[in-house]
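Listed here are the chains, written in short residue letters.
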Amino acid sequence: MAKDSYLVGLIGSGIGPSLSPALHEREAGRQGLRYLYRLIDIDVLGAPPEAVGELVRGARDLGFDGLNITHPCKQLVIEHLDALSPQAEALGAVNTVVFEADGRAVGHNTDVTGFAASFARGLRDASLESVVQLGAGGAGAAVAHATLTLGAERVTVVDALADRAVDLAGSLNRHFGAGRAVAAGLDRLPELLAGADGLVHATPTGMAVHPGLPVPAELLHAGLWVAEVVYRPLETELVRTARALGCAVLDGGGMAVFQAADAFRLFTGREPDAVRMLADIGELAESSAGQVV
């Protein structure tokens, strides 16, 4: 007999404003499920990121069905898991943990699949010959993997921390093949964007607590598509400016929804309705401000 009751949670830092509980619980309610989604904020607990292993074990002992994992625990959690999906292993980061019937904790990464699904839906005809990505952190690693999986010929990774860009480009080349990714400095953005097909933005700039444009407006042009990862607000300054200049634009809401939908499927074995969840994110995001999940 199929389960109709689930207990899941999110482990991370500063996650009070997260929309994950509402996204999951709304969809579960429509499917007639009893579904509790709890926040396990290490800041509230006064715990260091390294406590993620203890928190995962505690959740398993308490009967949780699974967990989402966010900053700064996506890499730290790996050593405390019993197995990884191929996607999570390739990325070296986990954002979803499923507790299986035999007690094993298995790590997955739905950030990659979430961005890929959002991009395929919202920028279906976009050229992927040359892509510039700004940001090489946790979200950046996931979306770079997704962009190359979608068929990008080359991704140029730019980050304020040069070493982080170099490390991500190296990792991408090991996984996808030499020459598929290259690192570049911020000073090269003008020339890079002038000749690029698209820009993927994966830094916190544009969030309510980090307002502003991540690149000078004069570097954007109508021949450039722009994909945003920040989803609160849905219309960041980058999205608004790029749209006004005639760019094809993808806001961050789709990634947030599709990664949540993929996690919901892993937790429950049931098929979520992503279209309904997209409507949810629009409503929820307008009423609050916060960070990338």
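Now for a quick tour of the structure. Note that the coordinates shown come from a computational prediction; the quantities given were computed from them, not determined experimentally.

Topic: the overall build of the protein
Logical step 1: Scanning the protein from terminus to terminus reveals eleven helices and twelve strands.
Logical step 2: For 293 residues, the compact-globule estimate of 2.2 N^0.38 gives 19 Å, and the C-alpha radius of gyration of the protein, at 19 Å, lies within 12% of that figure.
Logical step 3: For the protein, the spread of C-alpha atoms along the three principal axes comes to 55 × 40 × 35 Å.
Logical step 4: Expressed as a percentage of its 293 residues, the buried residues of the protein come to 54%.
Logical step 5: Looking at the protein alone, contacts between residues at least 24 apart form 71% of all its contacts between residues at least 6 apart.

Points about the packing of helix 5 (residues 110–122) against helix 6 (residues 138–149)
Logical step 1: At a minimum axis distance of 8 Å, the contact between helix 5 and helix 6 shows a crossing angle of 50°. On the basis of the axis angle, helix 5 is oblique to helix 6. Note that helix 5 runs across helix 6; the crossing there is right-handed. Only Ala142, Val143, His145, Ala146 and Thr147 of helix 6 make contact with helix 5, whose side of the interface consists of Asp111, Val112, Phe115 and Ala116.
Logical step 2: Each residue belonging to the contact of helix 5 with helix 6 can be placed in one class, and the counts come to six nonpolar, two polar and one charged.

Considerations on the pairing of strand 10 (residues 198–201)
Logical step 1: Residues Gly198 and Val200 of strand 10 are buried on one face, and the alternating residues Leu199 and His201, pointing to the opposite face, are buried as well.
Logical step 2: Of the pairings in the sheet, the one linking strand 7 (residues 130–134) to strand 10 comprises four bridges and is parallel in character. Across the sheet, residue Leu134 finds its bridge partner in strand 10, namely His201.
Logical step 3: Here strand 10 pairs with strand 11 (residues 225–228) via four bridges, running parallel. Following the sheet pairing, His201 is matched in strand 11 by Glu228.

Structural notes on the sheet that holds strand 1 (residues 5–12)
Logical step 1: Read from one edge of the open sheet, six strands run 2-1-3-5-6-4, paired in mixed fashion. The strands lining the two open edges of the sheet, one partner per strand, are strand 2 (34–41) and strand 4 (83–84).
Logical step 2: Pairing geometry for strand 3 (residues 66–69) and strand 5 (residues 96–99), over three bridges, is antiparallel. If you follow Leu67 over to strand 5, its bridge partner there is Val97.
Logical step 3: Taken strand by strand, helix 1 (residues 20–30) contacts strand 2 and strand 3, and its axis lies near 170° from that of strand 2.

Topic: the pattern of salt bridges
Logical step 1: Under the definition given, this model contains 18 salt bridges.
Logical step 2: In this structure, Arg276 and Glu27 form a salt bridge, with 2.9 Å as the shortest nitrogen-oxygen distance. Here Arg276, found in helix 11 (residues 274–286), pairs with Glu27, found in helix 1; they are 249 residues apart in sequence, far enough to count as distant.
Logical step 3: A residue is classified by how much of its surface remains accessible, and Arg276, at 32% relative accessible area, is partly exposed.
Logical step 4: Among the ionic pairs, Arg104 bridges to Asp102, the shortest N-O distance being 3.6 Å.

Looking at the sheet that holds strand 10
Logical step 1: Spatially, the six strands line up as an open sheet ordered 9-8-7-10-11-12, and their pairing is parallel. Each edge of the open sheet carries a strand with a single partner, namely strand 9 (181–184) and strand 12 (249–250).
Logical step 2: Relative to strand 9, strand 8 (residues 154–158) runs parallel, the two being bridged by four bridges. Across the sheet, the residue bridging to Thr156 is Val182, located in strand 9.
Logical step 3: Against the sheet, helix 6 contacts strand 7, strand 8 and strand 10, and its axis sits at roughly 170° relative to strand 7.
Logical step 4: Contacts from helix 7 (residues 162–176) reach strand 7, strand 8 and strand 9, with the element oriented near 175° to strand 9.

Rules and cut-offs
- Residues numbered from 1 in each chain as written.
- Predicted model: local features only at pLDDT ≥ 70, side-chain atom pairs only at ≥ 80, totals over all residues.
- Heavy atoms only, no water.
- Helix = DSSP H or I, 4+ residues; strand = E, 2+ residues; numbered from the N terminus.
- Rg over C-alpha atoms; globule rule 2.2 N^0.38 Å.
- Buried < 20%, exposed > 50% of the residue type's maximum accessible area, 1.4 Å probe, protein only.
- Contact = heavy atoms within 4.5 Å.
- Axes fitted to C-alpha atoms, helices over the stretch in contact; angles between N-to-C directions.
- Parallel < 35°, antiparallel > 145°, perpendicular 65-115°, else oblique.
- Left-handed = near helix turned anticlockwise from the far one by under 90°.
- Nonpolar A, V, L, I, M, F, W, Y, C, P; charged D, E, K, R; others polar.
- Pairing = 2+ DSSP bridges.
- Salt bridge = Lys/Arg side-chain N within 4 Å of Asp/Glu carboxyl O.

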